[in-house]
Amino acid sequence: MQQKVAVFTGQTQTRKAIFPTLITTFGVKKNEDFTGRVVAEVTMSDLFARG
């Protein structure tokens, strides 16, 4: 994930902040890979919540 952010930043020459977000069906396992790299997570229940 960090490499993808670096490539995107290099190709677009942006100086703005990048916020890696995962869109998943059931969520992800919260381990050191997730907590150190992903800023936000969106699940199916978030997409289809009423209210």
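Residues numbered from 1 in each chain as written. Predicted model: local features only at pLDDT ≥ 70, side-chain atom pairs only at ≥ 80, totals over all residues. Heavy atoms only, no water.

### Examining the overall build of the protein
Item 1. A tally of helices and strands in the protein yields 3 helices and 2 strands.
Item 2. Along the protein, from the amino end to the carboxyl end, the secondary structure elements read α-β-α-β-α.
Item 3. Here the C-alpha radius of gyration of the protein, 13 Å, is well above what a compact globule of 51 residues would show, namely 10 Å.
Item 4. C-alpha extents for the protein along the principal axes are approximately 40 × 25 × 15 Å.
Item 5. In the protein, of all internal contacts separated by at least 6 residues, the share reaching a separation of at least 24 is 10%.
Item 6. With the model as given, the accessible surface of the protein reaches about 4,600 Å², and the carbon-plus-sulfur share is 56%.
Item 7. In the protein, which carries 7 positive and 4 negative side-chain charges, the distance between the mean positions of the two groups comes to 9 Å. (Helix = DSSP H or I, 4+ residues; strand = E, 2+ residues; numbered from the N terminus. Rg over C-alpha atoms; globule rule 2.2 N^0.38 Å. Contact = heavy atoms within 4.5 Å. Areas by Shrake-Rupley, 256 points an atom, 1.4 Å probe, with all protein chains shown as cover. Lys, Arg positive; Asp, Glu negative; His and termini not counted. Charge placed at Lys NZ, Arg CZ, Asp CG, Glu CD.)

### Some details on the side chain of Thr-24
Item 1. Mapping Thr-24 onto the fold places it in the loop between strand E1 (21-23) and helix H2 (32-37).
Item 2. Filtering out sequence-adjacent residues up to four positions away, Thr-24 remains in contact with Glu-41, Val-42, Thr-43 and Met-44.

### Some remarks on a nonpolar patch on the surface
Item 1. On the surface, Ile-23, Met-44, Leu-47 and Phe-48 cluster together into a nonpolar patch covering about 470 Å² of accessible area.
Item 2. Topologically, Phe-48 is positioned in the segment after helix H3 (44-47).
Item 3. Residue classification places Phe-48 among the exposed positions, given a relative accessible area of 63%. (Patch = residues over 30% accessible without salt bridge, like charges linked within 9 Å, V, L, I, M, F, W, Y side chains within 5 Å. Salt bridge = Lys/Arg side-chain N within 4 Å of Asp/Glu carboxyl O. Buried < 20%, exposed > 50% of the residue type's maximum accessible area, 1.4 Å probe, protein only.)

### Notes on the environment of Phe-26
Item 1. Looking at the element boundaries, Phe-26 is found in the loop between E1 and H2.
Item 2. Separated by 19 residues in sequence, Phe-26 and Ser-45 place their C-alpha atoms 8.3 Å apart.

### A short note on unusual backbone geometry
Item 1. Positive phi values are uncommon outside glycine, yet Gln-13 reaches one of about 60°.
Item 2. Within the secondary structure, Gln-13 is located in the loop between helix H1 (2-12) and E1.

### Quick word on the confidence of the model for the protein
For residues with low pLDDT, the predicted coordinates do not support detailed interpretation.
Item 1. Confidence in the prediction for the protein averages 84 pLDDT; 98% of positions are at 70 or higher.
Item 2. Between the elements of the protein, mean pLDDT differs from a low of 74, seen in H2, to a high of 91, seen in H1. (pLDDT = per-residue confidence, 0-100.)

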